[in-house]
Amino acid sequence: MAKDFSTMEDSNPSANPSIHDPALQGRRHVLRGGLASAVAGLLSPLAVQGGALGALLGAGSAQAAGGGKLGFQSVPLSEADTVTVPEGYIAEVLQAWGEPVGVRGALPDFRHDGSNSAADQAVQMGMHHDGMGYFPLRGSQRGLLVMNHEYADHGLLFPDGGAQWGPEQVAKSQAAHGLSVCEIARQADGRWLPVLPSPYARRLTASSPFRVQGPAAGHAWMQTAADPSGRRVLGTLSNCAASRTPWGTYLSGEENFIGYFRGPNRPNAHQTRWGLRPGEQWGYRWAEHDERFDVSSHPNEPHRFGWVVELDPYDPSSTPIKRTALGRAAHEGATVALTKDGRAVVYSGEDARFEYIYKFVSRDRVKPGGGRANRTLLDHGTLYVARFDADGRGRWLPLVHGQGPLTAAAGFADQGQVLIQARQASDALGGTKMDRPEWIAVDPVGGQVYVTLTNNSQRGAPGRPGVDAANPRANNVGGHILRWREDGDFHAETFRWEHFVLAGDPATERADARGRMKGSRDAAAFACPDGLWVDPRGVLWIQTDMSSADMGPGVAFLKKDPTQGDLGPKEVASLGNNAMLAADPATGEIRRFLVGPVGCEITGIDMTPDGRTMFVNVQHPGETPGDRSDPAKPTAFSSWPNHRSDGRPRSATVVIRKRDGGVIGA
Ligand code: FEO
Ligand code: CA
Ligand code: CA
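Model, not experiment: these values are computed from the prediction.

Conventions and cut-offs
Residues numbered from 1 in each chain as written. Chains lettered and ligands numbered in written order. Predicted model: local features only at pLDDT ≥ 70, side-chain atom pairs only at ≥ 80, totals over all residues. Heavy atoms only, no water. Donors = N, O, S within 2.8 Å, 3.2 Å for Na, K, Ca; no water. Helix = DSSP H or I, 4+ residues; strand = E, 2+ residues; numbered from the N terminus. Buried < 20%, exposed > 50% of the residue type's maximum accessible area, 1.4 Å probe, protein only. Pairing = 2+ DSSP bridges. Axes fitted to C-alpha atoms, helices over the stretch in contact; angles between N-to-C directions. Core = buried A, V, L, I, M, F, W, Y, C linked by side-chain atoms within 4.5 Å. Contact = heavy atoms within 4.5 Å. pLDDT = per-residue confidence, 0-100. Phe/Tyr/Trp six-rings, centres within 6.5 Å; stacked < 30°, edge-to-face > 60°. Lys NZ or Arg CZ within 6 Å of the ring centre and 35° of its normal. Salt bridge = Lys/Arg side-chain N within 4 Å of Asp/Glu carboxyl O. Polar contact = N/O pair within 3.5 Å; in protein donor to acceptor, adjacent residues only side chain to side chain.

(A) Spotlight on the coordination of the calcium ion (ligand 3). Looking at the metal site, the calcium ion (ligand 3) is ligated by Glu332 (OE), Glu438 (OE), Asp530 (OD) and Asp530 (OD), spaced 2.3 to 2.8 Å from it. Taken as a pair, the calcium ion (ligand 3) and the calcium ion (ligand 2) lie 3.8 Å from each other and share Glu438 as a ligand. With Glu332 in strand S13 (residues 331-338) and Glu438 in strand S20 (residues 437-442), this residue pair connects regions lying 106 residues apart in the sequence. Residue Glu332 is classed as buried on the basis of its relative accessible area of 0%.

In structure tokens form, the structure reads like this:
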């Protein structure tokens with residue numbers, strides 16, 4: 001999501017000073033040796049469901065032994081309003097915003113003027129596709145595509161852009177959020193189509209029931225007038241990154257949830273720390289007709305968001321669960337690794353400036369039997385925050401009530417308060433304040449954990465934390481990718497880390513005073529890494545989210561604001577449209593695999609178990625600075641993926657295949 005709401009990514013104005021030694025910044029460690037053989041089989045995400053990943057991993061290992069993993073030619077930068085993929089590949093659109101998701105008896109067509117009702121939207125694909133997962137029903141031929149819909153653009157959602165505003169408009173905006181479960185099938189000619197209707201088809205929106213589990217379930221701070229139990233929440237919001245668990249469920253992060261709430265007139269310190277500002281809402285305007293989003297009246301309602309949500313797509317009757325043991329944060333997403341003894345380790349980051357990276361280690365082992373057998377797995381365990389030390393070591397600091405500074409006297413009366421106030425707990429523990437941690441990926445071949453740190457234009461600004469070893473660039477507009485290896489196994493409390501790549505255009509980016517940190521490693525320049533995934537062959541896929549809001553004025557490769565100056569609306573600078581790249585973790589080689597249409601970001605990725613079909617999401621094509629499209633000119637910048645001049649730009653999934661039917665990227 002590229003949004004120009006400063007509070008959401010900048011909610012830590014009183015951040016505790018960085019404890020790290022900038023004098024040692026920038027050194028690179030070479031991490032060698034591997035957990036690869038130990039974790040490769042255990043991490044096979046579909047092993048529980050009997051997928052074909054084992055064979056694919058075998059192929060990947062052989063290929064890795066023979067040299068590089070990347071078997072395609074890098075595509076050039078592009079400013080075209082289309083999706084570009086390498087020669088020999090096909091990219092086709094599947095399930096754009098507004099297409100019926102497949103609920104029986106409710107298959108309303110999309111209306112290109114934005115006039116579908118709230119009831120229509122509640123059974124159509126939501127807006128702004130983000131994280132995604134493919135769950136096989138029949139191997140690589142038929143499955144469930146589960147997807148996040150991160151936010152709504154009212155300028156496109158309504159014929160008048162939301163000028164007329166009432167309960168129906170709020171209901172439609174809420175219905176455009178949440179998750180989709182859509183059955184899809186491969187046709188004889190290789191194309192993929194939705195199965196309509198399907199018994200698995202679901203929309204979960206900002207008003208669907210969710211269960212709360214874990215230590216904060218039922219806590220006094222989780223209780224509201226509508227839910228005195230504190231265990232039943234309506235809705236999920238701002239669902240960003242996603243992953244599949246080894247036991248066959250879907251994890252989704254609730255990211256910028258705070259922006260849906262209207263702040264109280266006099267926010268207290270806790271509310272301020274979480275980004276609530278007096279009377280402010282980010283433009284969704286839900287509080288005007290849905291009182292629970294008015295924090296003055298319902299101060300606990302924001303505590304019921306910011307969790308990692310778990311959904312079992314194979315059980316259409318299941319109620320999704322908010323997992324409080326994983327902590328409350330502006331969660332980008334959550335990614336699972338398994339320890340050698342079968343416990344789940346869940347990595348998550350908080351995409352906000354100067355916020356943190358977390359990991360949860362489950363007490364219990366994963367049981368066979370899918371989601372149903374593991375309904376309480378993520379309720380019991382230990383949550384940690386990461387501290388990256390200047391010597392290339394790192395330590396996981398436990399967020400456990402009563403330990404260290406997390407006492408009642410310090411404002412943490414119990415474990416529920418520790419989890420609800422995870423930011424304050426991490427401040428107290430001295431976790432490392434990062435440059436907006438987005439996706440986290442675990443390499444099933446190399447055994448390392450990767451995180452995208454998308455950018456932080458406030459790093460080193462007056463009154464803000466300065467550079468540190470892990471976040472080494474002031475005014476970090478290009479972002480970077482960092483990786484670590486746990487000491488021994490994924491549950492370890494210590495690790496070793498290094499930078500994988502410092503992003504940015506090498507042609508325009510300045511090195512620091514000591515001549516280091518000059519953009520990415522090769523000609524496949526990119527900036528603002530966001531989506532991240534390692535496929536079963538061990539290829540690291542990197543998706544970018546460059547935006548004028550993030551990169552700020554005066555940056556050579558920033559997209560120009562069409563409302564300012566003499567540059568045209570499609571004028572983008574030296575890095576072109578947002579893209580997806582592939583990297584070989586062993587060699588550091590990076591190639592550009594896909595370039596998206598104008599104004600989009602690329603986010604969300606998965607493959608079929610045979611590796612021969614890839615799913616990638618294109619989010620917010622045609623986005624304008626400020627993120628609110630002009631209803632009078634909805635196609636001013638892009639009409640992708642429509643082949644009609646009046647088609648509103650729409651987020652959609654792109655299905656990528658190789659013409660020869662081969663493994664993607666190989
Ligand atoms: Fe939803 Fe941080 O991107
Ligand atoms: Ca982003
Ligand atoms: Ca993102």
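(B) The sheet that holds strand S27 (residues 590-595), seen in detail. Strand order in the open sheet made by the four strands is S24-S25-S26-S27, with antiparallel pairing throughout. Edge positions in the open sheet fall to strand S24 (529-534) and S27, since each of these has one partner strand only. Here the strands of the sheet are splayed against their neighbours by 25° on average, with no regard to which way each runs. With four bridges joining them, strand S25 (residues 540-544) and strand S26 (residues 579-583) adopt antiparallel strand pairing. The partner of Gln543 across the bridge, within S26, is Met580.

(C) Examining the coordination of the calcium ion (ligand 2) more closely. Summarising the metal site, the calcium ion (ligand 2) is bound by the protein donors Glu438 (OE), Asp530 (OD) and Asp545 (OD), whose distances to it range over 2.3 to 2.5 Å. Site description for the calcium ion (ligand 2): donor spacing in sequence, E-x91-D-x14-D.

(D) Fine view of unusual backbone geometry. Looking along the chain, the bond that leaves Leu196 and enters Pro197 is cis, with omega of -5°. Looking at where Pro197 falls in the secondary structure, it is placed in the loop between strand S5 (192-194) and strand S6 (202-204). Going from Trp640 to Pro641, the amide bond is cis rather than trans, its omega being 0°. By secondary structure assignment, the location of Pro641 is in the loop between strand S29 (613-619) and strand S30 (652-658). For Arg436, which is not glycine, the phi dihedral falls at a positive 60°. Of note, Arg436 is situated in the loop between strand S19 (434-435) and S20. The residue Cys528 is not glycine, and still its phi comes out positive at about 55°. Structurally, Cys528 is set in the loop between strand S23 (494-502) and S24. Residue class for Cys528 comes out buried when judged on its relative accessible area of 0%.

(E) Representation of the nonpolar core. Judged by nonpolar contacts, the single largest core of 60 residues is most densely connected at Trp286, Leu378 and Leu399. Breaking this core down by element, the ones donating at least two residues are helix H4 (154-157), S13, strand S14 (343-350), strand S16 (357-365), strand S17 (381-388), helix H8 (415-420) and helix H9 (422-429). Setting aside anything within four residues of it in sequence, one finds Trp286 in contact with Trp165, Val170, Ser173, Gln174, His177, Ala206, Leu237, Tyr260, Gln281 and Phe293. In terms of nonpolar packing, the next biggest core, distinct from the first, is built from 25 residues, Tyr89, Phe593, Cys600 and Ala652 among them.

(F) Quick look at the confidence of the model for the protein chain. Looking at the protein chain, pLDDT values average 86 and 82% of them are 70 or higher. In the predicted structure, residues 3-66 sits below a pLDDT of 50 and forms 164 contacts with residues beyond four places in sequence or in another chain.

(G) Seen up close, the packing of aromatic side chains. Across all of its chains, the model carries 28 aromatic pairs by this definition. Considering the side-chain rings of Tyr347 and Trp396, the 6.1 Å spacing of their centres and the 50° angle between planes classify their relative orientation as tilted. Here Tyr347 is found in strand S14, whereas its partner Trp396 is found in strand S18 (residues 393-398), with 49 residues between them in sequence. Taken together, a centroid distance of 5.1 Å and an interplanar angle of 85° make the contact between Trp541 and Phe593 edge-to-face. Taken together, the residues span a long stretch of sequence, with Trp541 in strand S25 and Phe593 in strand S27 at a distance of 52 residues. Taken together, the ring pairs in this structure connect Tyr347, Phe388, Trp396, Trp484, Phe490, Phe495 and Trp497 into an aromatic cluster. If you follow Arg423 out to its NZ or CZ, it ends over the ring of Trp274, 4.4 Å from the centre.

(H) Local environment of the pattern of salt bridges. For the coordinates displayed, the defined rule picks out 34 salt bridges. The salt bridge partner of Arg423 is Glu355, with a shortest N-O separation of 3.5 Å. Of the two residues, Arg423 sits in helix H9 while Glu355 sits in strand S15 (residues 353-355), which places them 68 residues apart along the sequence. Judged on exposure class, the residue Arg423 and its partner Glu355 are both buried. Of the charged contacts, one joins Asp364 and Arg363 as a salt bridge, the two residues approaching to 3.0 Å between their closest N and O atoms. Since its relative accessible area comes to 26%, Asp364 is described here as partly exposed. In this structure Arg363 comes out as exposed when scored by relative accessible area, which is 54%. Put simply, Arg273, Glu350, Glu355, Arg423, Asp427 and Lys433 are held in one network by salt bridges that share partners.

(I) Representation of the side chain of Asn578. Inspection of the secondary structure puts Asn578 in the loop between helix H10 (548-551) and S26. Relative accessible area serves as the criterion here: at 0%, Asn578 is assigned to the buried category. A polar contact of 2.8 Å, which involves the side chain of Asn578, links it to the backbone oxygen of Cys600.

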